[in-house]
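Spelled out from the first residue to the last, the chains are:
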Amino acid sequence: MSLLALDDIHGGYGGADILSGVSLTVAAGEIVVIVGPNGAGKSTAMKAVFGLITIRRGTVWFAGENLTRLRTDQIVRRGICYVPQVDNVFPSLTVEENLEMGAYVRNDDASPQLARVYELFPRLFERRSQAAGTLSGGERQMVAIGRALMLEPRLLLLDEPTAGLAPRFIDQIFETVRGINRALGLSILMVEQNARKALGFADRGYVLVLGRNRFEDTGPGLLANREIADMFLGG
Amino acid sequence: MAIELVQLLIYGIVLGSILALGAIGVSLVFGILRFAHFAHGDLMTLGAFFAFSFYVGLALPMPVAFVFACAATALTAVVIDALVYRRLRRTSPVILLISSFGMALILRSLVQLIWGPSNQVYDPGIQFPYLIWGLRIKPDQVTIIVGALVLVTGLHLFLQRTRIGKAMRAMADNIDLARIVGIDTERVVIWTWLIAGAMAAAAGIFLAIDTRLHPIMGWRLLLPVFAAAIVGGIGRPYGAIAGGLVIGIAQEFSTLVLSPSYKTAVAFGLMVVVLIVRPTGLFGGRR
Ligand SMILES: Nc1ncnc2c1ncn2[C@@H]1O[C@H](COP(=O)(O)OP(=O)(O)O)[C@@H](O)[C@H]1O
Ligand SMILES: [Mg+2]
């Protein structure tokens, strides 16, 4: 059984539907990638999981539970973390305070997890008392991912974690994502612009066009598809 | 002459302390709820009159009356939010602003109805100032400065050390992200009103100690309080403290060259200059 399932989601931001029939699943331990042209509704699909859009029709299932009508903080408590595409750190809070905010809904002592996040990103430990707004783009992305890991979630949603980063950071983020997936058995659903690279390392992928599923297959399967190659992968 | 300047500086710090306490609330409310709270001056008035009832009416000691008045005003602010602002939060900030203007009128009328329209004082009689190196300092002024320092230090510890204080700063930074990490934003809103209300009451009580009680005392101070919040960078409580001092000191120094009736204009002028030179305020607030 899948950990996360979006079942025929229709909805948007109050006006016309942005999503008109999106369905996808993520199994436990899987890395699933969503690709598609700009404005296809990839970010909106992620927000649908998190209760941040109006869902008019369809259901979001997580571990057998219906999340569709839950508040965002209730969804977080179920063990899902979301790293948005933009504005994903608190700029005036220090790096450490940003990480603490990731553990906001935890009732236990989060300091062992903080130590683990610093182990994963030694750079963040060096910068722990610096305001997150003063960091470089790559470092911010580490703060955002580190913050999500503070909850020790079962599912991580990453929206274009490598957008706008220098190539060496892009590889580092991909490595990190694969690392946490392997080490923690954490399921990952991510949107990625670097479609070729992302599909190369994902277990499965979805191509979203105009708010609808267009293709779905294993990562290599999608990479081998001529039509997709012509559309996004630069021929 | 030097003595004269130091004397004015002291008056400026007293006024600045009062403005800072008011501006902290305005800035917090703006940072969390994104609207200019026009009823803040009248919340100050209400706090001052609550203290009057506890101190003069019930003959409680002043420190006790002070704490009770801050608590009563904080609760009033939470109730006003629950009854009025909360329902309008999904509409535009302009509607919230106008409703807070209406709330200002309601509060002022209530104060007049309950406590009457005339001037009152906590303690009749004249206080004799200490004379230190030719400076005149009244015990009340010492109380105000020390009281403001204690409150500001308390606020600082709250914002830096407590879970809810950090959540408040996080929410002021980015409300969507605050929701995404699972912060219960309605709870933060309640805390914001509690603090803004208590600080407003403190400002009102200190103002009444420094001058006297009157139903429009807080309304009259609203413009300098907003100027302080804006000069400090709206949405930034630490900026509000600095902004309060800057405005308070500038207002007192302006009396060297201008008639005291221009004090409010000085606050306004300074605000406009800061907005032109540095639109985000001295401490980089929100647009
Ligand atoms: N907050 C919003 N309010 C209204 N419309 C939005 C909002 N965010 C995105 N949209 C619209 O939804 C559509 C899909 O956007 P998005 O999901 O961000 O696309 P993608 O992430 O695939 O590039 C776009 O047409 C965009 O204009
Ligand atoms: Mg997007």
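In case you missed it, the structure is sitting above this.
Scoring rules and cut-offs
- Throughout this document, residue positions are counted from 1 along each chain, in the order its sequence is written.
- As they are written, the chains are lettered A onward and the ligands numbered 1 onward, keeping that order.
- Predicted model: local features are reported for residues with pLDDT of at least 70 only, side-chain atom pairs are reported and counted for 80 or more only, and whole-chain, interface and lining totals are derived from all residues.
- No hydrogens and no water enter the side-chain calculation; it runs on all heavy atoms of the structure.
- The helix count covers DSSP runs of H or I at least four residues long, the strand count covers runs of E at least two residues long, and both are numbered beginning at the N terminus.
- Throughout, exposure labels follow a simple rule: accessible area from a 1.4 Å probe, protein chains only, divided by the maximum for the residue type, with under 20% read as buried, over 50% as exposed, and the rest as partly exposed.
- Accessible surface area values rest on a Shrake-Rupley calculation with a 1.4 Å probe, where residue burial reflects the displayed protein chains alone.
- When charges are counted, Lys and Arg contribute as positive and Asp and Glu as negative, whereas His and the chain ends are disregarded.
- Note on charges: their place is set at NZ of Lys, CZ of Arg, CG of Asp or CD of Glu.
- Aromatic rings from Phe, Tyr and Trp, with only the six-membered ring used for Trp, were paired whenever their centres fell within 6.5 Å, and each pair was classed as stacked if the ring planes differed by under 30 degrees, edge-to-face if by over 60, and tilted otherwise.
- By definition, being over a ring means that NZ of Lys or CZ of Arg is both within 6 Å of the ring centre and within 35 degrees of the ring normal.
- Proximity is defined per residue: any heavy atom of the residue falling within 4 Å of a molecule or strand makes that residue near it.
- Polar contact is the term for a pair of N or O atoms within 3.5 Å; when the atoms are in protein, one must be able to donate a hydrogen and the other to accept it, and sequence-neighboring residues count only if both atoms are side-chain atoms.
- Gly falls in the polar group here, along with every residue not listed as nonpolar (Ala, Val, Leu, Ile, Met, Phe, Trp, Tyr, Cys, Pro) or charged (Asp, Glu, Lys, Arg).
- Two strands are said to pair when DSSP picks up at least two bridges between them.
- In this description, a line fitted to the C-alpha atoms serves as the axis of each element, helices being fitted only across the stretch in contact, and the angle between N-to-C directions of two axes falls anywhere from 0 to 180 degrees.
- Any pair of residues with heavy atoms lying within 4.5 Å of one another is described as a contacting pair.
- Counted as donors are N, O and S atoms no farther than 2.8 Å from the metal, or 3.2 Å for Na, K and Ca; water is not among the atoms, and sites may therefore look incomplete.
- Relative orientations are named as follows: roughly parallel for angles under 35 degrees, roughly antiparallel for angles over 145 degrees, roughly perpendicular for angles from 65 to 115 degrees, and oblique for any other angle.
- Here a crossing is taken to be left-handed if its near helix is turned anticlockwise relative to the far helix by less than a right angle, and right-handed if that turn runs clockwise.
- For the purposes of this section, nonpolar cores are sets of buried Ala, Val, Leu, Ile, Met, Phe, Trp, Tyr and Cys residues that join through side-chain atoms within 4.5 Å.
- Helix span, expected: 1.5 Å multiplied by one less than the number of residues in the helix.

**Here we look at the overall build of chain B**
Move 1: Summing up its helical and strand segments, chain B has eleven helices and two strands in all.
Move 2: When the helices and strands of chain B are read in sequence order from the N terminus, they spell out α-α-α-α-β-β-α-α-α-α-α-α-α.
Move 3: A principal-axis box enclosing the C-alpha atoms of chain B has dimensions of 60 × 45 × 35 Å.
Move 4: Within chain B, buried positions represent 52% of all 287 residues.
Move 5: As displayed, chain B has an accessible area near 12,600 Å², and 71% of this comes from carbon and sulfur atoms.
Move 6: Of the charged side chains in chain B, 21 are positive and 11 negative; the average position of the first set lies 7 Å away from that of the second.

**What to know about the packing of aromatic side chains**
Each pair of aromatic rings is reported with the distance of its centres and the angle of its planes.
Move 1: For the structure on display, the rule yields 15 aromatic pairs over all chains.
Move 2: One aromatic cluster is present, formed by B:Phe38, B:Phe101, B:Trp219 and B:Phe226 through successive ring pairs.
Move 3: The residue whose ring lies beneath A:Arg128 is A:Phe125, and the NZ or CZ to ring-centre distance is 4.0 Å.
Move 4: Across from the ring centre of A:Phe169, 4.6 Å away, lies the NZ or CZ of A:Arg168, which sits over that ring.

**With respect to the site of ligand 1**
Residues and elements named next belong to chain A.
Move 1: If you check the shell around ligand 1, you find Tyr-13, Ile-18, Pro-37, Asn-38, Gly-39, Ala-40, Gly-41, Lys-42, Ser-43 and Thr-44 and nothing else.
Move 2: Gly-41 places a polar main-chain atom, nitrogen or oxygen, 3.0 Å from an oxygen atom of ligand 1.
Move 3: At a separation of 2.5 Å, an oxygen atom of ligand 1 approaches a polar side-chain atom of Thr-44.
Move 4: Contact with the protein chains hides 58% of the accessible area of ligand 1, taken as 560 Å² for the molecule alone.
Move 5: By residue class, the composition of the shell around ligand 1 is four nonpolar, five polar and one charged.

**Side note on the sheet that holds strand E8 (residues 187-191) of chain A**
Residues and elements named next belong to chain A.
Move 1: Sheet architecture is open: six strands sit in the order E6-E7-E8-E3-E9-E10, paired in mixed fashion. The open sheet is flanked by strand E6 (80-83) and strand E10 (212-218), the only strands paired with a single partner. Across the sheet, the mean angle from the axis of one strand to that of its neighbour is 15°, orientation sign disregarded.
Move 2: As paired strands, E6 and strand E7 (residues 155-159) are joined by four bridges and run parallel to one another. Bridge pairing links Cys-81 to Leu-156 in E7.
Move 3: Sheet strands in contact with helix H6 (residues 137-149) are E6 and E7, and its direction is about 170° off that of E6.
Move 4: Along the sheet face, helix H7 (residues 167-184) touches strand E3 (31-35), E7 and E8 and points at about 155° away from the line of E8.

**Section: the coordination of the magnesium ion (ligand 2)**
Residues and elements named next belong to chain A.
Move 1: For the magnesium ion (ligand 2), the full set of protein donor atoms is Ser-43 (OG) and Gln-85 (OE1), and the range of their distances to it is 2.0 to 2.3 Å. One end of the pair, Ser-43, is in helix H1 (residues 42-49); the other, Gln-85, is in the loop between E6 and helix H3 (95-102), and 42 residues separate them in sequence.
Move 2: Residue Ser-43 is classed as buried on the basis of its relative accessible area, which comes to 18%.

**Here we look at the packing of helix H10 (residues 237-254) of chain B against helix H11 (residues 263-277) of chain B**
A pair of packed helices is characterised by two quantities: the angle between their axes and the separation of those axes.
Residues and elements named next belong to chain B.
Move 1: As a packed pair, H10 and H11 sit with axes 9 Å apart at the nearest point and diverge in direction by 130°. As the angle between them shows, H10 and H11 are arranged oblique. Crossing hand, H10 versus H11: right-handed. Of the residues in H11, those touching H10 at Val-246, Ile-247, Ala-250, Gln-251, Glu-252 and Ser-254 are Lys-263, Thr-264, Val-266, Ala-267 and Leu-270.
Move 2: Of the residues in the contact of H10 with H11, the class split is six nonpolar, three polar and two charged.

**Some thoughts on the sheet that holds strand E5 (residues 65-66) of chain A**
Strand pairing in a sheet relies on backbone hydrogen bonds. The paired strands run either parallel or antiparallel.
All names here are of chain A.
Move 1: Ordered in space as E2-E1-E4-E5, the four strands form an open sheet in which the pairing is antiparallel. In this open sheet, the two edge strands, each paired with only one partner strand, are strand E2 (19-26) and E5.
Move 2: As judged from the six bridges shared by strand E1 (residues 4-12) and E2, these two strands associate in the antiparallel manner. Bridged to Ile-9 within E2 is Val-22.
Move 3: Running over the sheet, H1 touches E1, E2 and strand E4 (54-62) and is turned about 115° from E1.

**Observations regarding the environment of A:Glu175**
Move 1: Tracing the chain through its elements places A:Glu175 in helix H7.
Move 2: Once the C-alpha coordinates of A:Glu175 and A:Phe201 are considered, the two residues, 26 residues apart in sequence, prove to be 9.8 Å apart.

**With respect to the nonpolar core**
Move 1: With 173 residues, the main nonpolar core has A:Leu4, A:Leu156 and B:Tyr122 as its most contacted residues.
Move 2: Considering every element that reaches this core, the biggest residue donor is helix H8 (residues 185-210) of chain B, with 15 residues.
Move 3: Look past the residues within four positions of B:Tyr122 in its chain and what remains in contact with it is B:Ala48, B:Ala51, B:Phe52, B:Tyr55, B:Val56, B:Met62, B:Ile205, B:Ala208, B:Ile209 and B:Leu213.

**Points about helix H9 (residues 217-231) of chain B**
Residues and elements named next belong to chain B.
Move 1: With 15 residues, H9 should reach 21 Å at 1.5 Å per residue; the first-to-last C-alpha distance of 22 Å fits that figure.
Move 2: Burial runs high along H9: eleven of the 15 residues are buried.
Move 3: Taken together, the buried positions of H9 are Met-217, Gly-218, Leu-221, Leu-222, Pro-224, Val-225, Phe-226, Ala-227, Ala-228, Ala-229 and Val-231.
Move 4: Those residues of H9 hidden inside the fold are in contact with helix H1 (2-33), helix H2 (40-57), H8, H10 and H11.
Move 5: Remark: Gly-233 follows H9 within two positions and exhibits a positive phi of approximately 100°.

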